[in-house]
Amino acid sequence: MTKRSHQVDHLDPLTREALSFILRLKSGEATVGDAERLIDWRGRSPAHEHAFRDAVKCWRAIGQALASGRPTSVPRRRRAPASKSRS
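Each chain carries its own residue numbering, running from 1 in the written order of its sequence. At least 70 in pLDDT is required for a residue's local features to be given in this predicted model, at least 80 for side-chain atom pairs to be given and counted, and no such filter applies to totals for whole chains, interfaces and linings, which use all residues. The basis for the side-chain values is all heavy atoms of the structure; hydrogens and waters are excluded.

A. Highlighting the pattern of salt bridges. By convention in these notes, a salt bridge is any Lys or Arg side-chain nitrogen within 4 Å of a carboxyl oxygen on Asp or Glu. For the structure shown, the criterion picks out 5 salt bridges. The closest approach of N and O atoms between R42 and E49, which form a salt bridge, is 2.8 Å. Taken together, the salt bridges that share partners define one network made up of R24, E29, D34 and R37.

Have a look at this one:
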């Protein structure tokens, strides 16, 4: 598993779904049915709508970073130090 796919696996499931919708709609192969499914999905709950809005922000940030040719810094979560068990 690559580092990137590992990072995607840690995304909230709703955010992953929202990003999947965006990727499909931006692919150039989206259908009216795809757009209708997104509308239905967003209407399921406020959490679905929130996840979609977050995914759109992420998509826009990626586009801006690609357009500028410079990577943008993203704050990373700090991991707790691994505890060493002594035998």
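B. Representation of the packing of helix α3 (residues 32–42) against helix α4 (residues 46–68) in the model. Remark: α3 packs on α4, axes separated minimally by 7 Å, with the N-to-C direction vectors making an angle of 125°. By the criterion of interaxial angle, the relationship of α3 to α4 is oblique. Side by side, α3 and α4 meet where L38, W41 and R42 of the first sit next to H48, E49, A51 and F52 of the second. Within the contact of α3 with α4, the residues separate by chemical class into 4 nonpolar, 1 polar and 2 charged. Think of each axis as a best-fit line through the C-alpha atoms, taken over the contacting stretch in the case of a helix, with angles from 0 to 180 degrees between the N-to-C directions. Secondary structure follows DSSP: runs of H or I at least 4 residues long count as helices, runs of E at least 2 residues long count as strands, and numbering of each begins at the N terminus. Any angle between 65 and 115 degrees counts as roughly perpendicular, while under 35 counts as roughly parallel, over 145 as roughly antiparallel, and the rest as oblique. The contact definition used throughout considers only heavy atoms, calling two residues in contact when any of these lie within 4.5 Å. In this classification, Asp, Glu, Lys and Arg are treated as charged, Ala, Val, Leu, Ile, Met, Phe, Trp, Tyr, Cys and Pro as nonpolar, and every other residue, Gly included, as polar.

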